[in-house]
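# Residue-level structure breakdown
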Amino acid sequence: MPNLRIPKAPGSQLFKEGYKHLQGLEEAILRNIDAVNELASTVRTSLGPNGRNKLIVNHLERLFVTSDAATITREMEVVHPAANLVVMASQSQEKEAGDGTNLVIMIAGELLNRAEPLLKMGIHPSEIVAGYEIAHKEALKMLEAESLSAGVVNGYHESPELMNAMVTAVGSK
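Just so it is clear, the structure is predicted and the values come from calculations on it, not from any experiment. (Residues numbered from 1 in each chain as written. Predicted model: local features only at pLDDT ≥ 70, side-chain atom pairs only at ≥ 80, totals over all residues. Heavy atoms only, no water.)

### With respect to helix α1 (residues 25-44)
Here α1 contains 20 residues, and its C-alpha end-to-end distance of 28 Å stays within 8% of the 28 Å for a straight helix at 1.5 Å per residue. Of the residues making up α1, those classed as buried are L30, I33, A35, V36, N37, L39, A40 and V43. Tucked into the core, α1 has its buried residues touching α2 (69-75), α3 (81-97) and α4 (101-120). (Helix = DSSP H or I, 4+ residues; strand = E, 2+ residues; numbered from the N terminus. Expected span 1.5 Å × (residues − 1). Buried < 20%, exposed > 50% of the residue type's maximum accessible area, 1.4 Å probe, protein only. Contact = heavy atoms within 4.5 Å.)

### What to know about a nonpolar patch on the surface
Nonpolar side chains collect at one region of the surface, where L55, V57, L63 and V65 lie side by side and expose about 420 Å² of accessible area between them. When contributions to the nonpolar patch are tallied by element, the ones reaching two or more residues are β1 (54-57) and β2 (63-66). Relative to the helices and strands, V57 resides in strand β1. (Patch = residues over 30% accessible without salt bridge, like charges linked within 9 Å, V, L, I, M, F, W, Y side chains within 5 Å. Areas by Shrake-Rupley, 256 points an atom, 1.4 Å probe, with all protein chains shown as cover. Salt bridge = Lys/Arg side-chain N within 4 Å of Asp/Glu carboxyl O.)

### Quick notes on the packing of α4 against helix α5 (residues 125-144)
Two measures define how a pair of helices packs: the angle their axes make with one another and the distance between the axes. Between α4 and α5, the shortest axis-to-axis distance is 10 Å and the interhelical angle comes to 135°. It follows from the interaxial angle that α4 and α5 lie oblique. Both α4 and α5 take part in a crossing whose hand is right-handed. Note on element contacts: α5 touches α4 through P125, I128 and Y132, opposite L111, R114, A115, L118 and L119. Looking at the contact of α4 with α5 residue by residue, the classes come out as 7 nonpolar, no polar and 1 charged. (Axes fitted to C-alpha atoms, helices over the stretch in contact; angles between N-to-C directions. Parallel < 35°, antiparallel > 145°, perpendicular 65-115°, else oblique. Left-handed = near helix turned anticlockwise from the far one by under 90°. Nonpolar A, V, L, I, M, F, W, Y, C, P; charged D, E, K, R; others polar.)

Structure follows, in structure tokens:
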């Protein structure tokens, strides 16, 4: 019986260049963690008042020099699904609060970075999520405690007291 193999055109591929085939749930989760860590490390150095600017060239060949994480993530072409999910969460934070996009990316990257060794030890992802939920509840309890207050503003019309409260918040802008 003759071989009915369909010949391929020279140089043609089924997938895009750079495609990697990975097997197993653990391997896919670790690749997702790597992608989010890559995104977090991109914006990490632009955090704070002494953050460094990034030079970004978008798909229209337009140049951007910025340290704003919202602009960085908006102009970058993030194609990885897990990293894109973090970008969408940071954009949601930007829409709701008007700030904090860098914080969302940094926290997501750090939580996943801390989860990676646990996954390699064989702990199931649902158990890690349950641990993070317990930590979230404990953190909220700590934040509600009065021992964490740095100061209390009694009168909003008293200029020195209000200035002391605003220096830290406005100093990074």
